[in-house]
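Each chain, written out:
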Amino acid sequence: MNSILRTLLTAAFVASGVATGAAQAQAPDKWDANPWIDGKLFTLKAGYNTVRQYPHARAIERFVNRVAERTGENLQIQTFPSEQAGNERQMFDAVTLGTLDIAKVSTGVISAAVPEFGVFDLPYVFRDLNHMMATTQSKVGQDLAAKLEARNVKILFWMEQGTRSFYTASKPVRTPSDLKGMKIRTISAPVMVDTINALGATATPMGFGDLYLGLKSGIVDGAENAPDAIWFAKHYEVAKYFTLTNHFRTPVVVVMNKAKFDALSPEYKEIITTTARETQEWAGALYSKVSEALLASLKKAGMTIVEADEEAFRKAVEPVYAKHGQQFAAQLKAIREIK
């Protein structure tokens, strides 16, 4: 009897081991999801100026995670949100020098180093979001990318950052004539100042951090920005009208130090390039969707949303093109021809 019992127990143990082994062999394993890349461990640093929940940050974090997965965790990118790596201008300079590997920057910042990027700062340079993104992928965008690479900075992918419109404290704005005599806060940039003045207001440069009090005290009558800026700064508490003029629409780019990119293996380069392209497609109209949701939130919070006579505003900024457009004549011609 003991002999028979031992035989049965041994058979059961072996069968159990075989079954367990088969189950383990079939279990999903993330390391088997993609071809293994047996390479040297690289750690890169990426900076951006927003919190992680922001649309741009979500796209960057997705890019970072996908790159790590696809390189078998051998290429890891550490992120520094909320200006931990400096403001956009400081981060761009750091990427140029190679002290920071990757950063998100606006084209206005880049224009200080490559003036041709300044074409994006002109008012109403694009018909809509699709026109802007098509421009970034056209010969215009390719030429700009080449000029930037000559300064040791490589564009990984482009994103949108919404449109800027006017918001005012005491009265609505529907046409440029409504802006006459109003003090409008703006960024201290020549094209932006000239645009506000051309529309009939008095451009008043002021730090964004001072704007809430400026609106509340009447130092300025209004400002211009995208819905996310108004919402997160709680400017809806001191400005009751938001007019959808959409006068500025500029892209942002995620850039990388070109020398660092060139030093990577062909496999890593391909993974970064492919993932960057996919991230740009994934981001798509993410910012616009967030802006639409926040616009509804602004309305719910008590802001009156005003539809502007956009054609009147487009016509009113023609003097800005007369003053600043000549230096971008060839680019503007090419942009206007893009369907």
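Up top is the structure these notes are about.
*Asks:* Hey, could you run me through the overall build of the protein chain in this one?
*Replies:* On a plain count of helices and strands, the protein chain comes out with 15 helices and 9 strands. Residue burial in the protein chain is summarised as follows: out of 339 residues, 47% are buried. Across the protein chain, every contact between residues at least 6 apart in sequence was considered, and the portion connecting residues at least 24 apart equals 77%. Of the roughly 16900 Å² that the protein chain leaves accessible, carbon and sulfur atoms contribute 54%.

*Asks:* Explain the packing of aromatic side chains here, please?
*Replies:* The relation between two aromatic rings is expressed through the spacing of the ring centres and the mutual angle of the planes. For the structure shown, the criterion picks out 9 aromatic pairs. Centre to centre, the rings of Phe 63 and Phe 157 are 5.6 Å apart; their planes meet at 55 degrees, and the pair counts as tilted. Highlighted residues: Phe 63 in helix 2 (residues 55-70) and Phe 157 in strand 4 (residues 153-168), separated in sequence by 94 residues. According to the relative accessible area criterion, Phe 63 is buried, its value standing at 2%. Here Tyr 167 and Phe 242 contribute two aromatic rings whose centre-to-centre distance is 6.4 Å and whose plane-to-plane angle is 80 degrees, an arrangement assigned as edge-to-face. Here the residue Tyr 167 occupies a position in strand 4, and Phe 242 occupies one in strand 8 (residues 241-257), the gap between them amounting to 75 residues. Comparing Tyr 167 with Phe 242 shows no difference in burial state: the two are buried.

*Asks:* Please clarify how the environment of Val 125 should be interpreted in this entry.
*Replies:* The residue Val 125 is located in the loop between helix 4 (107-110) and helix 5 (129-137) in this model. What makes Val 125 buried here is its relative accessible area of 7%. Not counting chain neighbours up to four residues away, the residues in contact with Val 125 comprise Val 119, Phe 120, His 131, Tyr 321, Leu 332 and Ile 335.

*Asks:* Hey, could you run me through the pattern of salt bridges in this one?
*Replies:* Side-chain pairs of opposite charge can arise where the charged atoms are in close proximity. Applying the stated criterion across every chain yields a total of 13 salt bridges. A salt bridge links Lys 139 to Asp 143, with the shortest nitrogen-to-oxygen separation between them at 2.9 Å. A residue pair is termed a helical-turn pair when its members lie 3 or 4 positions apart in one helix, as Lys 139 and Asp 143 do in helix 6 (residues 139-149) at 4 residues. Owing to a relative accessible area of 57%, Lys 139 belongs among the exposed residues under this scheme. Arg 314 serves as the salt-bridge partner of Glu 310, at 3.1 Å between the closest nitrogen and oxygen. Here Glu 310 pairs with Arg 314, and both are found in helix 13 (residues 310-316), just 4 residues apart, close to one helical turn.

*Asks:* What am I meant to see in helix 7 (residues 190-198) here?
*Replies:* An α-helix turns once every 3.6 residues. As a result, residues three or four positions apart point the same way. Within helix 7 the residues assigned to the buried category are Val 191, Met 192, Val 193, Asp 194, Thr 195 and Ile 196. Considering only its buried residues, helix 7 is in contact with strand 4, strand 5 (183-186), strand 6 (202-205), strand 7 (222-225), strand 8 and helix 14 (318-324). Looking one or two residues past helix 7, Gly 200 carries a phi angle of roughly 105 degrees, positive in sign.

*Asks:* Just to check I follow, could you spell out unusual backbone geometry for this structure?
*Replies:* One can expect most non-glycine residues to show negative phi and most peptide bonds to be in trans. Notably, Glu 73 is not glycine yet its phi reads approximately 70 degrees, a positive angle. With respect to the element layout, Glu 73 can be found in the loop between helix 2 and strand 2 (75-80). On the accessibility criterion, Glu 73 (24% relative accessible area) is partly exposed. In this model, Lys 234 sits at a positive phi of 60 degrees, which is unusual for a non-glycine residue. On the secondary structure map, Lys 234 appears in the loop between helix 9 (227-232) and strand 8. A relative accessible area of 44% means that Lys 234 is categorised as partly exposed.

*Asks:* What is the right way to read the nonpolar core from this model?
*Replies:* Nonpolar side chains tend to gather and get buried jointly when the protein is soluble and globular. Grouped together as the largest cluster of nonpolar side chains are 48 residues, with contacts concentrated most on Phe 117, Leu 122, Leu 148 and Leu 179. Ignoring any residue separated from it by four or fewer positions in sequence, one finds Phe 117 in contact with Thr 107, Ile 110, Ser 111, Leu 144, Leu 148, Ile 155 and Trp 158. Counting residues in each nonpolar core, the second largest holds 27 residues, with Ala 46, Tyr 54, Ala 226 and Leu 264 among its members.

*Asks:* Explain the pairing of strand 2 to me, please; I cannot follow it from the model alone.
*Replies:* Walk down a regular strand and you will see the side chains alternate between the two sheet faces. Across 6 bridges, strand 1 (residues 42-47) lies against strand 2 in parallel orientation. Note on strand 2: the bridge partner recorded for Leu 44 is Ile 77.

Basis of the calculations
- Residues numbered from 1 in each chain as written.
- Predicted model: local features only at pLDDT ≥ 70, side-chain atom pairs only at ≥ 80, totals over all residues.
- Heavy atoms only, no water.
- Helix = DSSP H or I, 4+ residues; strand = E, 2+ residues; numbered from the N terminus.
- Buried < 20%, exposed > 50% of the residue type's maximum accessible area, 1.4 Å probe, protein only.
- Contact = heavy atoms within 4.5 Å.
- Areas by Shrake-Rupley, 256 points an atom, 1.4 Å probe, with all protein chains shown as cover.
- Phe/Tyr/Trp six-rings, centres within 6.5 Å; stacked < 30°, edge-to-face > 60°.
- Salt bridge = Lys/Arg side-chain N within 4 Å of Asp/Glu carboxyl O.
- Core = buried A, V, L, I, M, F, W, Y, C linked by side-chain atoms within 4.5 Å.
- Pairing = 2+ DSSP bridges.

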